[in-house]
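Summary of the model geometry
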Amino acid sequence: MNAGNALEQVIQRNELLSVKKKVANGFVEKAEEASLTELYFTLKKAYPEDDIQTEERSLTENKNADRVWQVIPLDGAINLLYNIPHCAMSVTLFEKGKCKETVIYNPVTDDTANAVKGGGSFFNQHRIRFDKDLEPQQCMVLTNRPENDKALAPHLLATKNLSKQVIDVRSYGCPLLDLAYVAAGKADAYWQSGLSSFKTAAVELLINEASGQCLDFKAGRNHKENGQLVAGNLNNSAWISAQLKNIYNWFQDGTLRTIKRANQSPFFVGIIFCLTI
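Residues numbered from 1 in each chain as written. Predicted model: local features only at pLDDT ≥ 70, side-chain atom pairs only at ≥ 80, totals over all residues. Heavy atoms only, no water.

1. Comments concerning the pairing of strand β6 (residues 120-123)
Two elements, strand β5 (residues 111-116) and β6, share 4 bridges in a ladder whose sense is antiparallel. Residue pairing in the sheet places A115 in a bridge with S121 of β6. Between β5 and β6, which follow one another and run antiparallel, lie 3 residues, and G118 among them has a positive phi close to 80°. The pairing of β6 with strand β7 (residues 126-128) spans 3 bridges and is antiparallel. Bridge pairing in β7 links F122 to R127. Count of turn residues in the β6/β7 antiparallel hairpin: 2 residues, of which N124 carries a positive phi of about 50°. (Pairing = 2+ DSSP bridges. Helix = DSSP H or I, 4+ residues; strand = E, 2+ residues; numbered from the N terminus.)

Written out as structure tokens, the structure reads:
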């Protein structure tokens, strides 16, 4: 993948620099720009009539095109900054609003996860499927910190509670690649709040074609709208959704009622939260 080569060149030119110097030199921005430039020109040359979109904007004038390519040039930027080889880019194709293909690629390790509607999911060209018999207590679950700090408290509480009921809960810092790992059986389930619709779209086809499912925290299918994503096999995704529903409902409803009833500051609620965990 040309975009992967471009990103790798940026990494190699800066690999001996300290994190502080990388930040000062705009390392992450340069890496993302190099990746996006290659993705754009590759797709534009091959499919001149299609639209190409990032999370922020459309890159073409083909606003009404039947075919749309959604690209994420870099996910896991902090890992890349610290020379941790766990980052990814993705390209997802939509035709008339329906997801047809998706590719998730790690330019450092050359790992590739891809899926085609009706054609299955693959990791490094090997067909992947969820273990339908896996139970929650047998699972290693992945998650990542929500981007919105207001959602951090229920996230921490959910992490603590789930950790007591599964093998382990881990955070690797790259949702795209983490979810590809889940589909490939390198982990067993995933949850996160505040996930963008672009990232959800990039992984949903991969999960579904591997015989898994994506839910929100209420076991519904509104994860693209509310940013709440749970992924796993049919049984474990539903079980995790049920656990998260209880936690997030308590925190939103119970804590807000506590503030209103006690007429206390958010600091008081923080003390209540600490006591509950």
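2. Here we look at the side chain of N233
Following the sequence through the fold, N233 ends up in the loop between β12 (229-232) and α9 (234-262). Residue class for N233 comes out buried when judged on its relative accessible area of 3%. In terms of polar contacts, N233 uses its side chain to reach the backbone amide nitrogen of N236, at 2.7 Å. When residues no more than four places from it in sequence are discounted, the contact partners of N233 are F130, D131, K132, L134, G212 and Q213. (Buried < 20%, exposed > 50% of the residue type's maximum accessible area, 1.4 Å probe, protein only. Polar contact = N/O pair within 3.5 Å; in protein donor to acceptor, adjacent residues only side chain to side chain. Contact = heavy atoms within 4.5 Å.)

3. Quick look at unusual backbone geometry
A negative phi holds for most residues other than glycine; trans holds for most peptide bonds. Phi is positive for K96, which is not a glycine, with a value near 50°. The backbone of S211 sits at a positive phi, close to 70°, despite the residue not being glycine. Along the chain, S211 falls in the loop between α7 (197-209) and β11 (213-215).

4. Re the pairing of strand β4 (residues 98-106)
As paired strands, strand β3 (residues 88-95) and β4 are joined by 7 bridges and run antiparallel to one another. Within β4, the residue paired with L93 across the bridge is E101. If you look at the hairpin formed by β3 and β4, you'll find 2 residues sitting between the two strands, and K96 has a positive phi there, around 50°. Note that β4 and β5 share 6 bridges and pair antiparallel. Its bridge partner being in β5, I104 is matched across the sheet by A113. Joining the antiparallel neighbours β4 and β5 is a turn of 4 residues, in which D110 adopts a positive phi near 70°.

5. Structural notes on the sheet that holds β6
Ordered in space as β1-β2-β3-β4-β5-β6-β7, the 7 strands form an open sheet in which the pairing is mixed. Two strands lie at the open edges of the sheet, namely β1 (51-53) and β7, each paired on one side alone. Going across the sheet, the axis of each strand differs from the next one's by a mean of 20°, ignoring polarity. (Axes fitted to C-alpha atoms, helices over the stretch in contact; angles between N-to-C directions.)

6. Some points on the sheet that holds strand β9 (residues 168-170)
The strands making up a sheet are joined through hydrogen bonds of the backbone, oriented either antiparallel or parallel. An order of β9-β8-β10-β12-β11 is seen for the 5 strands of this open sheet, with the pairing classed as mixed. Only two strands of the sheet have a single partner each, and these edge strands are β9 and β11. Each neighbouring strand pair of the sheet contributes to a mean axis angle of 20°, computed without reference to strand direction. Sheet analysis places strand β10 (residues 189-192) next to β12, joined by 3 bridges and oriented antiparallel. Considered in β12, the bridge of Y190 is made with A231. Packing against the sheet, α7 makes contact with β11 and β12, and its axis sits at approximately 140° to β11.

7. Comments concerning a nonpolar patch on the surface
Together, I78, Y82 and I84 make up an exposed nonpolar region whose accessible area comes to about 330 Å². Note that I78 resides in helix α4 (residues 77-81). (Patch = residues over 30% accessible without salt bridge, like charges linked within 9 Å, V, L, I, M, F, W, Y side chains within 5 Å. Areas by Shrake-Rupley, 256 points an atom, 1.4 Å probe, with all protein chains shown as cover. Salt bridge = Lys/Arg side-chain N within 4 Å of Asp/Glu carboxyl O.)

8. Side note on the packing of aromatic side chains
For the structure on display, the rule yields 4 aromatic pairs. Seen from their ring centres, F123 and Y181 are 6.2 Å apart, and the 65° between their planes marks the pair as edge-to-face. Pair noted here: F123 is in strand β6 and Y181 is in helix α6 (residues 175-184), with a separation of 58 residues, a long-range link. The exposure classification of F123 matches that of Y181, with both residues buried. Above the ring of F122, the side-chain terminus of R127 is found at 5.8 Å from the ring centroid. (Phe/Tyr/Trp six-rings, centres within 6.5 Å; stacked < 30°, edge-to-face > 60°. Lys NZ or Arg CZ within 6 Å of the ring centre and 35° of its normal.)

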